[in-house]
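Breakdown of the fold
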Amino acid sequence: MPSADDNARAVRLAFSAGLVGRFSRGCIHLRADAPLATLSSALVGGGPGTARDFCNFYVDKDYAGRAPADDLARWLAGHEVDSSCAVAMMTAVKLEYAAMHSTPLGQRQNAVLALATAGSGNAVDIAAEGEDPRLVVGTVNVFVFIDAQLTPGAMVNACLSATEAKVAALRDERVIDAHSRTPATGTSTDCVSIAATQRGAPTPYAGSGTELGRAIGRTVYRTVRESLRAGSDEERGR
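Report follows, based on the coordinates.

Scoring rules and cut-offs
- Every chain is numbered on its own, with residues counted from 1 as its sequence reads.
- Per-residue local features are limited, in this predicted model, to residues with pLDDT of at least 70; the limit for side-chain atom pairs, both in listing and counting, is 80 or more; totals at the level of whole chains, interfaces and linings are taken over all residues.
- Processing note: side-chain calculations cover all non-hydrogen atoms of the structure and skip hydrogens and water entirely.
- Segments assigned H or I by DSSP are reported as helices when at least four residues long, segments assigned E as strands when at least two residues long, and all are numbered from the N terminus.
- Both definitions apply: the radius of gyration is a C-alpha atom measure, and the globule rule equals 2.2 Å times residues to the power 0.38.
- When a residue's accessible area, from a 1.4 Å probe over protein chains only, is under 20% of the maximum for its type it is buried; when over 50% it is exposed; and in between it is partly exposed.
- Every residue pair with non-hydrogen atoms within 4.5 Å of one another is taken to be in contact.
- Two strands are counted as paired when DSSP detects at least two bridges linking them.
- Only the six-membered ring of Trp is used, alongside the rings of Phe and Tyr, when aromatic pairs are assigned; centres must lie within 6.5 Å, and planes under 30 degrees apart are stacked while those over 60 apart are edge-to-face, with the rest tilted.
- The term salt bridge refers to a pairing of a side-chain nitrogen on Lys or Arg with a carboxyl oxygen on Asp or Glu at a separation within 4 Å.
- Any N or O atom pair separated by 3.5 Å or less is treated as a polar contact, with the protein-specific requirement of one donor-capable and one acceptor-capable atom, and with residues adjacent in sequence counted only for side-chain atom pairs.
- The length a helix should cover is 1.5 Å for every residue beyond the first.

Our focus in this paragraph is the overall build of the chain. Helix and strand counts for the chain come out as three helices and 13 strands. In terms of C-alpha radius of gyration, the chain reaches 17 Å, essentially the compact-globule figure of 18 Å for 238 residues. Counting the 238 residues in the chain, one finds 48% classified as buried. Sequence-distant contacts in the chain: of pairs separated by 6 or more residues, those separated by 24 or more amount to 72%.

Consecutive side chains along a regular strand alternate between the two faces of the sheet. Here strand β1 (residues 9-12) runs beside strand β2 (residues 19-23); their pairing, made up of four bridges, is antiparallel. When the sheet's bridge partners are listed, R9 is paired in β2 with F23. Connecting β1 to the antiparallel partner β2 that follows it, the hairpin turn spans six residues, and G18 within it adopts a positive phi of roughly 95 degrees.

At E80, a position not held by glycine, the phi torsion is positive, near 60 degrees. Looking at the secondary structure, you find E80 in the loop between α1 (68-78) and β5 (86-91). Of note, R181 is a non-glycine position whose phi angle comes to about 60 degrees, a positive value. If you trace the backbone, R181 turns up in the loop between α2 (152-172) and β11 (186-187).

It is worth spelling out the packing of aromatic side chains at this point. Under the defined criterion, the tally for this structure stands at four aromatic pairs. Ring pairs connect the aromatic residues F15, F54 and F145, which therefore count as one cluster.

This brings us to the pattern of salt bridges. What the rule picks out here adds up to eight salt bridges. Two residues, D33 and R12, come together in a salt bridge whose shortest N-O distance is 2.5 Å. One end of the pair, D33, is in strand β3 (residues 27-40); the other, R12, is in strand β1, with 21 residues separating them in the sequence. Take R12: its relative accessible area is 55%, and that puts it in the exposed class. Bridged by salt links that share partners, the residues E173, R225 and R229 form one connected network.

Another point: the environment of A201. Within the element layout of this structure, A201 appears in the loop between β12 (191-196) and β13 (202-203). The exposed category is assigned to A201, whose relative accessible area is 58%. Taking the C-alpha atoms as reference points, A201 and A148, 53 residues apart in sequence, are found 7.6 Å from one another.

As for its placement among the helices and strands, T139 is situated in the loop between β8 (123-124) and β9 (140-146). The class of T139 is buried, set by a relative accessible area of 1%. Within the structure, the side chain of T139 is placed 3.4 Å from the side chain of N141, a separation counted as a polar contact. Within the structure, T139 has its side chain in polar contact with the backbone nitrogen of D190 (distance 3.4 Å).

What follows deals with α2. Its 21 residues give α2 an end-to-end C-alpha distance of 31 Å, which sits within 8% of 30 Å, the value for a rise of 1.5 Å per residue. Listed as buried for α2 are A154, M155, N157, A158, C159, S161, A162, A165, K166, A168, A169 and L170.

Our focus in this paragraph is the environment of S40. As for its position among the elements, S40 is in strand β3. Distance in space between the C-alpha atoms of S40 and R74 is 20 Å, their sequence separation being 34 residues. Ignoring any residue separated from it by four or fewer positions in sequence, one finds S40 in contact with G45, G46, G47, V87, M89, V192 and S193. In terms of polar contacts, S40 uses its side chain to reach the backbone amide nitrogen of A42, at 2.9 Å. A distance of 3.0 Å separates the side chain of S40 from the backbone oxygen of V192, its partner in a polar contact.

Purely spatial values, then, with no claim about function.
Structure representation (structure tokens):
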């Protein structure tokens, strides 16, 4: 079970609205200076909401918890995090393979920040014919932080932009669905979180036709691709 690590290093991250990260072997914990509006597919903090703490927990590849949301809530409590104000995910990708990048937007130097842990062991082409893939823990987890005010539609737009960028990263890393032998679009357990400060003028769109959407796309693409490469490089070195 992931546990709190008193030796975890705390660092101020390159995000214009303020974000602190604590990194250990068992958990990546990002804490915002103020609560952020969120839209996520995470088991804890899923759907629309508000969160200040964002956690990505490492689990072994043989993890087979029957109540993963309960496990996440328990691990959050062990890190003294209130699960009602948190977004939490889990991954079997070693957290040392996490990648993080930020991108400017307008006058703000670090207005979009993405963090990803990306593995391709259970890669899936969602459009391929055949049986449903087995749900195993491998996953591409993506957290996106945006210093802007997004309407509800723009929050969904931001999820689309992040997902398109993830697919592009998998394509360019030549990740293949092992069953269909076609290019993978993700894994069977991918998770995404969008978090926005809601500062500034309302932003109604965040797709590829906008400056914000392109910033999200570039940041997520670079981050996912770097994390995929980190794991692949170790496999090649064995």
